[in-house]
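Structural description and commentary
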Amino acid sequence: MIDCLMEEETPKFKVNDNVFVKNIGWVRITNSYWDSLANEYIYEAIGFNGEREYDSINQSNIECQMQPESENPHTGGN
């Protein structure tokens, strides 16, 4: 039998990262797990206002990550 499943990768995002998701908007990651059938990480998240929980966000649908204030050139970390 040929094994077609990809090896688990390192997740691009971690718990408490704020990310922008296609068709959803900004959310905060609360958990992640490797989906061997999709060959990518799946994330659980909550909306910024706590108004909604999301339990299956594909890593490929995440467009960008919000920088912490200390790394944001517009705020200078102040």
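Look a little higher up for the structure.
My aim in this report is to walk through the structure given alongside it, one point at a time. (Residues numbered from 1 in each chain as written. Predicted model: local features only at pLDDT ≥ 70, side-chain atom pairs only at ≥ 80, totals over all residues. Heavy atoms only, no water.)

Topic: the nonpolar core
Membership of the largest hydrophobic core is limited to 12 residues, which are F13, V19, V21, V27, I29, W34, Y41, Y43, A45, Y54, I57 and I62. If you list the elements that add at least two residues to this core, you get β1 (18–21), β2 (25–35), β3 (40–47) and β4 (53–58). With residues near it in sequence (within four places) discarded, F13 still touches V19, I29, Y43, Q59, I62 and Q65. (Core = buried A, V, L, I, M, F, W, Y, C linked by side-chain atoms within 4.5 Å. Buried < 20%, exposed > 50% of the residue type's maximum accessible area, 1.4 Å probe, protein only. Helix = DSSP H or I, 4+ residues; strand = E, 2+ residues; numbered from the N terminus. Contact = heavy atoms within 4.5 Å.)

Regarding the packing of aromatic side chains
Under the defined criterion, the tally for this structure stands at five aromatic pairs. Arranged with centres 5.4 Å apart and planes meeting at 70°, the rings of F20 and W26 form a pair that is edge-to-face. Residue classification places F20 among the partly exposed residues on the basis of a relative accessible area of 27%. Between W26 and F48, the aromatic rings sit 6.4 Å apart at their centres with planes inclined by 25°, giving stacked as the arrangement. With W26 in strand β2 and F48 in the loop between β3 and β4, this pair connects stretches of sequence that are 22 residues apart. Since its relative accessible area comes to 32%, W26 is described here as partly exposed. Ring pairing ties together the aromatic residues F13, W34, Y41 and Y43, which thus form one cluster. (Phe/Tyr/Trp six-rings, centres within 6.5 Å; stacked < 30°, edge-to-face > 60°.)

A few points about the environment of G50
Mapped onto the fold, G50 is located in the loop between β3 and β4. The exposure class assigned to G50 is partly exposed, which follows from its relative accessible area of 46%.

In short, the description is geometric, and any link to function would need to be established separately.
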